[in-house]
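Observations on chain architecture
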Amino acid sequence: MDQYRVNAIVTVFATGALIPLAMLPILARVVRRYGRLRGWPMISALGLLGSAVALGTFTVFPLPRPSSVECPSPNLRDYWQTDLFASIKPIASQAAVIGWEATSTSAIFLQVAFNVLLFVPFAFFLHQVTRWNGLGVIVAAFLTSGLIEATQGTGFWGIYPCPYRLLDVDDVVANTIGGVVGVVISYIAIGILPFTTPKKVPDLDPPSLGRRTLAGFIDLALIAVLAVAAQGVQAFSVALTDGREAAEDLLASGKIPLVIVLVAALAIAWLFPALRRDRATPGQVTVNIAPARLNSPRRHAALWQVTVRFAVRWLPMALLPFIYVLVVPMIEFACAVVRRDNRTVSELASVTLTRTRPAIRADQHMAASETQVLPRVE
């Protein structure tokens, strides 16, 4: 197996898994800010997720084969363009000769324009979701652009023998300008479009089936990421003991040992909720829901109930071949759709139901208040 396939595995994993998962805290922020997961808050969160994935994709792809990467100089700085405005000045020079109308369709202008436009949606949705100070969003755009250029200028942090793309300081300038434009548009939208700032709702109603399904897929994604990370650690140890080729063959096989998948599932879907008072998995924490006891909905699920939920929902998924992984979620979803109370197979087996965390806290607070005001019986 050649080095190109190892590089492809690493980059696809980085852009396809880590970047979306890095957006989970932002999704959680949206839910807690507005008490909902629908309408404009959800669109903004998805927009930020999509723009972040796009930035990661444009940073890495297309991947060249290492054999096709020419390295005329061993010095990294020879692949860096650090002359400020060196890529922008030719636009003015060309406009002076052929005019701005013709220049606006030229390659040198479109390249700069694309670098500006690339960061407009990222900054817009980042501001819509976080409502940070505009300057903070612009700084975030600047730092993100700097990270992208550093990735390109180091050959994807040393994966390639030398950079296969030029590090251009003017790209950072153009990206930052795009960040400014995105922030300005966001402020305008907030000022003239009321739906961009919905009022917070108490979030006491039963969570929708879509919200609960999203929590499950977040947990599934985290299990996959943890398993792949463990596989990477295993490959590193194999490289130390048996050599680099053996490690590359391990990664290229695409097979992750069953014990690694099982441990990852245990860590995410059993150990994490077992250590929490509300018994919520990472996905449930993200969308602000948690399991509760069926016979006492104001109380969090017991440890044995969490164990049963894991055994019914997650254990079969960890043991099944990859092609059948989605069978269990489909069964769970079908059961919830058919039943009037929308409970899944794992909830039926564990005698639990899923509620929003604010609803559980509200019931607990009400119960505590009632206990305090009840007269003492002699």
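Preceding block: the structure.
Going along each chain's sequence as written, the residues are numbered from 1 onward. With the structure being a predicted model, the display of local features is reserved for residues of pLDDT at least 70 and the display and counting of side-chain atom pairs for 80 or more, all residues being used for whole-chain, interface and lining totals. Excluding hydrogens and water, the side-chain values take into account all heavy atoms of the structure.

**Overview of the packing of helix H14 (residues 303-319) against helix H15 (residues 327-338)**
Definition in use: For helices, the fitted line uses only the C-alpha atoms of the stretch in contact; every axis is such a line through C-alpha atoms, and the angle between N-to-C directions lies from 0 to 180 degrees. Helix numbering and strand numbering both begin at the N terminus, where a helix is a DSSP run of H or I of at least 4 residues and a strand a DSSP run of E of at least 2. The labels follow the angle: roughly parallel below 35 degrees, roughly antiparallel above 145, roughly perpendicular from 65 to 115, and oblique for the rest. The contact rule is simple, with two residues in contact once any of their heavy atoms fall within 4.5 Å. The residue classification treats Ala, Val, Leu, Ile, Met, Phe, Trp, Tyr, Cys and Pro as nonpolar and Asp, Glu, Lys and Arg as charged. All others, Gly included, are polar.
At a minimum axis distance of 9 Å, the contact between H14 and H15 shows a crossing angle of 155 degrees. Looking at the two axes, H14 sits roughly antiparallel to H15. Counting all contacts with H14, which are made through Val312, Arg313, Pro316 and Met317, the residues of H15 involved are Val328, Pro329 and Glu332. Per-class residue counts for the contact of H14 with H15 are five nonpolar, no polar and two charged.

**Focus: the packing of aromatic side chains**
The condition is simple: Centres within 6.5 Å make a pair out of two Phe, Tyr or Trp rings, where for Trp the six-membered ring is used; the pair is then stacked when the planes are under 30 degrees apart, edge-to-face when over 60, and tilted otherwise. Partly exposed describes any residue whose relative accessible area lies between the buried limit of under 20% and the exposed limit of over 50%, with all areas from a 1.4 Å probe on protein chains only and scaled to the type maximum.
Scanning the entire structure with this criterion turns up four aromatic pairs. When the centroid spacing of 6.4 Å and the interplanar angle of 75 degrees are considered together, the rings of Trp40 and Phe124 count as edge-to-face. Of this pair, Trp40 sits in helix H3 (residues 39-60) while Phe124 sits in helix H6 (residues 107-130), and the two are 84 residues apart along the sequence. Side by side, Trp40 and Phe124 carry an identical accessibility label, which is buried. Arranged with centres 5.4 Å apart and planes meeting at 80 degrees, the rings of Trp40 and Phe195 form a pair that is edge-to-face. Pair noted here: Trp40 is in helix H3 and Phe195 is in the loop between helix H9 (169-192) and helix H10 (209-242), with a separation of 155 residues, a long-range link. With a relative accessible area of 18%, Trp40 lands in the buried category.

**Focus: the environment of Tyr79**
Its location among the elements puts Tyr79 in the loop between H3 and strand E1 (80-81). With a relative accessible area of 12%, Tyr79 lands in the buried category. Between the C-alpha atom of Tyr79 and that of Tyr164, which follows or precedes it by 85 residues, the distance is 8.8 Å. In this structure Tyr79 touches Glu70, Cys71, Pro72, Ser73, Cys162, Pro163, Leu166 and Leu167, once residues within four positions along its chain are discounted.

**Thoughts on the side chain of Arg313**
Short version of the rule: Each polar contact in these results corresponds to two N or O atoms within 3.5 Å; when the atoms are within protein, one needs to be able to donate a hydrogen and the other to accept it, and residues that are neighboring in sequence are counted only if both atoms are side-chain atoms.
Take Arg313: it is sitting in helix H14. Among the polar contacts listed, one links the side chain of Arg313 to the side chain of Glu332, at a separation of 2.7 Å. Once residues within four sequence positions are removed from consideration, Arg313 is found in contact with Val328, Glu332, Thr344 and Ser346.

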